[in-house]
Amino acid sequence: MPVPSSAPTEHQLLRDTVRQKIHAAIMDGTLEPGERLNDDELIAWLGVSRTPIREALSQLARAGLIEMAPNRYTRITTPDPEAVIEALQTLGVLFGGVVRLAVPRLSKSSRKKILAALDTTIAELTAHDVRAVNTDALGVFALYVAECGNADLQRVCADAMDGLAFRLRLPNLDELVDWDRMTEDFRRLRTATENGDNIAAELATEAIHQLPGEKH
């Protein structure tokens, strides 16, 4: 029998390219929450046919970045304040395990890079720069994901983390969580990472993401 090729087809590559471009426009704010997406405008922007665009939009909808209602609308997801804690906790379950695996594996250069990113986020938290924290905090944990050494966990995080983090992009996020406590928990995460204490780093990560349990 013929053996199926595992190489991606031109159609698949086109769909993935379209998805990446729309994803980037959502995450950098070019496409804003609630903004409706029109097929003809997307075709003009991306220079491709309708089929790969619709397939890419379906993938982004599964990731939680787009809302679709057949024959009614396709639009960028609007974060819901009531969903903040659930989204945080889901990320905490993922990132807690990631951090526990990653910290013992960090090389000197990787640890230095993560500590610098933590310093940036802690400074933004202290300054109540909510917009910057919404972007940079996810970047901090993406560094841990890259270092965790577990390919299955990395794939799960890649599929879930952007959609969940996007649900936290609210201008008043500092009013919806205990901002001072979160700032202190990020400091605990930094100390634990610097000291190579993966259990303390995991507990700090879970506390950052509002998971119940011991915080000290």
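Keep in mind it's a predicted model, so treat the numbers as computed, not measured.

Q: What is the right way to read the packing of aromatic side chains from this model?
A: Aromatic ring pairs are defined here through the distance separating the ring centres and the angle between the ring planes. Taken as a whole and assessed by the stated rule, the structure comprises three aromatic pairs. Pairing phenylalanine 141 with phenylalanine 186 gives two aromatic rings, centres 6.1 Å apart and planes at 55 degrees, and the pair type is tilted. One end of the pair, phenylalanine 141, is in helix α6 (residues 130-147); the other, phenylalanine 186, is in helix α9 (residues 179-195), and 45 residues separate them in sequence. Residue phenylalanine 141 is classed as buried on the basis of its relative accessible area, which comes to 3%. Taken together, the ring pairs in this structure connect Phe95, Phe141, Tyr144 and Phe186 into an aromatic cluster. Directly above the ring of tyrosine 73 sits arginine 75, whose terminal nitrogen or CZ lies 3.8 Å from the centroid.

Q: Would you mind showing me how to read helix α10 (residues 198-208) here?
A: Note on helix geometry: an α-helix contains 3.6 residues per turn, so any two residues three or four positions apart are oriented the same way. Turning to α10, its buried residues number three or more, namely Asn198, Ala201, Glu202, Ala204, Thr205, Ala207 and Ile208. Where α10 ends, the next residue or the one after it, glutamine 210, has phi of about 65 degrees, a positive value.

Q: Is there a simple way to explain the pairing of strand β2 (residues 73-76) in this structure?
A: Note that strand β1 (residues 66-69) and β2 share four bridges and pair antiparallel. When the bridges of β2 are listed, alanine 69 appears paired with tyrosine 73. Counting the residues in the hairpin turn of β1 and β2 gives three residues, including asparagine 71, whose phi is positive at 65 degrees.

Q: Sorry if this is basic, but what is going on with the nonpolar core here?
A: When a protein is soluble and globular, its nonpolar side chains tend to lie buried together. With 62 residues, the main nonpolar core has Ile22, Tyr144, Phe186 and Leu189 as its most contacted residues. Among all residues touching leucine 189, those that are not within four sequence positions of it are Val99, Leu118, Phe141, Tyr144, Ala201, Ala204, Thr205 and Ile208.

Q: What should I look at first to understand empty space enclosed by the protein in this one?
A: The probe, sized like a water molecule, is rolled over the atoms to show the empty space still left. Using the criterion set out here, one finds one cavity of 30 Å³ or more in the structure. When its volume is computed, the largest cavity comes out at roughly 210 Å³. Surrounding the largest cavity, 16 residues form its lining, Leu88, Val133, Ala137, Leu168 and His209 being those nearest its centre. Listed by contribution, the elements that provide at least two residues to the lining of the largest cavity are α4 (84-102), α6 and α9. Residues of the lining of the largest cavity, tallied by class, amount to 14 nonpolar, two polar and no charged.

Q: How should I be thinking about helix α2 (residues 39-46) in this particular structure?
A: Inspection of α2 places Asp39, Leu42 and Leu46 among the buried residues, and these make up the whole buried set. Down the axis of α2, the sector holding all buried residues measures 60 degrees, keeping them to one side. Residues of α2 that are exposed and angled more than 90 degrees away from the buried face: Asp40, Glu41 and Ala44. Of the residues trailing α2, glycine 47 is marked for its positive phi of about 70 degrees.

Q: I keep staring at the packing of helix α5 (residues 108-126) against α6 and nothing clicks. Help me out?
A: Between two packed helices, the angle of one axis relative to the other and the distance separating the axes together describe the packing. At a closest axis distance of 9 Å, the pairing of α5 and α6 adopts a crossing angle of 160 degrees. Overall, the two elements α5 and α6 adopt an arrangement that is roughly antiparallel. Note that α5 runs across α6; the crossing there is left-handed. Residues Ser110, Lys113, Ile114, Ala117, Leu118, Thr120, Thr121, Glu124 and Leu125 of α5 touch α6, and the partners they reach there are Ala132, Val133, Asp136, Ala137, Val140, Leu143, Tyr144 and Glu147.

What counts and what doesn't
Residues numbered from 1 in each chain as written. Predicted model: local features only at pLDDT ≥ 70, side-chain atom pairs only at ≥ 80, totals over all residues. Heavy atoms only, no water. Phe/Tyr/Trp six-rings, centres within 6.5 Å; stacked < 30°, edge-to-face > 60°. Helix = DSSP H or I, 4+ residues; strand = E, 2+ residues; numbered from the N terminus. Buried < 20%, exposed > 50% of the residue type's maximum accessible area, 1.4 Å probe, protein only. Lys NZ or Arg CZ within 6 Å of the ring centre and 35° of its normal. Pairing = 2+ DSSP bridges. Core = buried A, V, L, I, M, F, W, Y, C linked by side-chain atoms within 4.5 Å. Contact = heavy atoms within 4.5 Å. 1 Å grid on protein atoms, 1.4 Å probe; cavity = no way out; pocket = protein on both sides within 12 Å on 5 of 7 lines; lining within 4 Å. Points joined across faces, edges and corners; volume = space filled by probe spheres on them. Nonpolar A, V, L, I, M, F, W, Y, C, P; charged D, E, K, R; others polar. Arc of directions from axis to C-beta. Axes fitted to C-alpha atoms, helices over the stretch in contact; angles between N-to-C directions. Parallel < 35°, antiparallel > 145°, perpendicular 65-115°, else oblique. Left-handed = near helix turned anticlockwise from the far one by under 90°.

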